[in-house]
Amino acid sequence: MTEIDVLVSEVGPRDGLQSLDTIMSTDAKKRWIKAEAAAGVREIEVGSFVPAKLLPQMADTGEIVKYAKTIPGLTVTALVPNFIGAKNAIKAGVDKMCLPLSVSETHSRANLRKSHSEVLGEIENIVQYINSLEATKRPEFAGNLATAFGCTLEGPVAEKTVLSLAGQLMELGCGEVGLSDTTGYANPAQIKRLIRLVKKEVGNDRLTSIHLHNTRGLGLANALAALEEGITTLDSSLGGIGGCPFAPGASGNIVTEDLVFMLDSMGLQTGIDLEALIEVNRMVKQSLPKEELYGFTVDSGLPKGYQNGGWGVAG
Ligand code: ZN
């Protein structure tokens, strides 16, 4: 595979689908994942190992992981809320798993029904379990600091809490920390400041990814700010699937097609064929007829004379 500059990590099948009323069929999920991997996307978060009664949209995650693992070259990731979820994820064969640790403790209780110390306890158990496995069977494990830029329940969150939790994740043995703008509150200056502070706390190589939402239209500005601070993995969702119940007309995650257009037109290698990605959008739209998809690039089409891998240099 060719070298890339930025890893675009597709989270639509998890973050996108979990917030929709529509339950996408297992076959449609498989088709989506297969087509997006074929378009060159190298990492996909395919689901969440939460109890099916809480999130029926994610009930087939084990099967989806097993299927996705048959696709050559694809890194298969999943969200795990706790130790039991992590064990199930490992059993299904994930390459990588993330556990959300919400910086806002109010959000943590609402989301996982756990305090910070309870979530950290789950993480400790997961790391011990991973370390008990044969080296070849150990997935990567990241703690994602959710609501790191603000919380719909608590409002602003203290940066010192972000740093303290980041430090604790490292002490417990997480491979990486991630930063998540779960609520779409972040702005580019804040993104830059927090990335610098967290890197200072945990080391440059332990913070490489960011998860952004486009709730107030700042998603791509935030993505660019993160890139300028050395972030190399950006989460995004095809067609911005997921929406946001609190901001009608705003997409959920940043839109994969628009992100790839930005990176590609800047001459940054993603390994993704943008035209093929736009075809995937059309396919997924057909399997979600009642849902709204977002994104400027799909609506407007590519500029005249556009070629994958660079734009804006004429003559
Ligand atoms: Zn999210």
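Thresholds applied
Residues numbered from 1 in each chain as written. Predicted model: local features only at pLDDT ≥ 70, side-chain atom pairs only at ≥ 80, totals over all residues. Heavy atoms only, no water. Helix = DSSP H or I, 4+ residues; strand = E, 2+ residues; numbered from the N terminus. Buried < 20%, exposed > 50% of the residue type's maximum accessible area, 1.4 Å probe, protein only. Contact = heavy atoms within 4.5 Å. Areas by Shrake-Rupley, 256 points an atom, 1.4 Å probe, with all protein chains shown as cover. Lys, Arg positive; Asp, Glu negative; His and termini not counted. Charge placed at Lys NZ, Arg CZ, Asp CG, Glu CD. Donors = N, O, S within 2.8 Å, 3.2 Å for Na, K, Ca; no water. Core = buried A, V, L, I, M, F, W, Y, C linked by side-chain atoms within 4.5 Å. Phe/Tyr/Trp six-rings, centres within 6.5 Å; stacked < 30°, edge-to-face > 60°. Axes fitted to C-alpha atoms, helices over the stretch in contact; angles between N-to-C directions. Left-handed = near helix turned anticlockwise from the far one by under 90°. Nonpolar A, V, L, I, M, F, W, Y, C, P; charged D, E, K, R; others polar. Pairing = 2+ DSSP bridges. Right-handed = clockwise from strand over helix to strand, strands pointing away. Expected span 1.5 Å × (residues − 1).

**Q** Could you give me a rundown of the overall build of the protein chain, with the residues and numbers involved?
**A** When helices and strands are tallied, the protein chain shows twelve helices and eight strands. Seen through its principal axes, the protein chain has C-alpha atoms that stretch 55 × 40 × 40 Å. Across the 315 residues of the protein chain, 56% fall into the buried class. Relative to all contacts within the protein chain whose residues are 6 or more apart in sequence, the contacts with residues 24 or more apart total 74%. Per element, the accessible surface of the protein chain, about 13,900 Å² overall, is 51% carbon and sulfur. Averaging the positions of the 29 positive and the 37 negative side-chain charges in the protein chain gives two centres separated by 4 Å.

**Q** Could you give me a rundown of the coordination of the zinc ion, with the residues and numbers involved?
**A** Protein coordination of the zinc ion is provided by Asp15 (OD), His211 (NE2) and His213 (NE2), with donor distances spanning 2.0 to 2.2 Å. If you list the donors of the zinc ion from N- to C-terminus, the spacing comes out as D-x195-H-x1-H. With Asp15 in helix 1 (residues 12-18) and His213 in the loop between strand 7 (209-211) and helix 9 (219-228), this residue pair connects regions lying 198 residues apart in the sequence. No difference in accessibility class separates Asp15 from His213, as the two residues are buried.

**Q** Please give an account of the nonpolar core that cites residues and values.
**A** Ranked by internal contacts, the top residues of the largest apolar core, which has 89 residues, are Met97, Phe141, Leu145, Leu179, Val198 and Ile210. Among residues more than four places away in sequence, those in contact with Leu179 are Leu145, Ala148, Phe149, Val162, Leu194, Ile195, Val198, Leu207, Ser209, Ile210 and His211.

**Q** Could you give me a rundown of the packing of aromatic side chains, with the residues and numbers involved?
**A** This structure, assessed with the given rule, holds two aromatic pairs. Aromatic side chains Phe83 and Tyr129 sit 5.7 Å apart centroid to centroid with 85 degrees between the ring planes, which places their arrangement in the edge-to-face category. Linking Phe83 in helix 4 (residues 83-92) with Tyr129 in helix 6 (residues 116-131), this pair joins segments that are 46 residues apart in sequence. By relative accessible area, Tyr129 is classed as partly exposed at 25%.

**Q** Account for the packing of helix 7 (residues 159-172) against helix 8 (residues 188-202), naming residues and giving values.
**A** At a minimum axis separation of 9 Å, helix 7 and helix 8 run at an interaxial angle of 35 degrees. Helix 7 and helix 8 meet at a crossing whose hand is right-handed. On helix 8, the residues touching Glu159, Val162, Leu163, Ala166, Gly167 and Met170 of helix 7 are Arg193, Leu194, Leu197, Val198, Glu201 and Val202. Residue composition of the contact of helix 7 with helix 8, grouped by class: eight nonpolar, one polar and three charged.

**Q** Quick one: what's the story with the environment of Thr2, residue by residue and with numbers?
**A** Structurally, Thr2 is set in the segment before strand 1 (7-10). Taking the C-alpha atoms as reference points, Thr2 and Thr270, separated by 268 residues in sequence, lie 9.3 Å from one another.

**Q** Got a sec to walk through the sheet that holds strand 7? Specific residues and values, please.
**A** Read around the closed barrel, the eight strands follow the order 1-2-3-4-5-6-7-8; overall the barrel is parallel. Each adjacent strand pair in this sheet contributes to an overall mean axis angle of 30 degrees, direction not counted. Of the strand pairs in this sheet, strand 1 and strand 2 (residues 43-48) are connected by two bridges, and their pairing is parallel. From the neighbouring strand, Ser9 faces strand 2, where its bridge partner is Glu43. The strands touched by helix 3 (residues 61-68) are strand 2 and strand 3 (75-79); relative to strand 2, the strand with the most contacts, the crossing angle is about 160 degrees.

**Q** Now, about the pairing of strand 2: what can you tell me, with residues and values included?
**A** Strand 2 sits mainly inside the fold: six of its six residues count as buried. With five bridges connecting them, strand 2 and strand 3 associate as parallel partners. Each residue of the ladder has a partner; that of Glu43, found in strand 3, is Thr75. Handedness of the strand 2-helix 3-strand 3 crossover: right-handed.

**Q** Mind laying out helix 7, listing which residues take part and the relevant values?
**A** Compared with an ideal rise of 1.5 Å per residue, which puts 14 residues at 20 Å, helix 7 spans 20 Å between its outermost C-alpha atoms and is within 8% of the ideal. Along helix 7, the positions that sit buried rather than exposed are Val162, Leu163, Leu165, Ala166, Gly167, Leu169 and Met170. Positive backbone phi, approximately 105 degrees, marks Gly173, located one or two places after helix 7.

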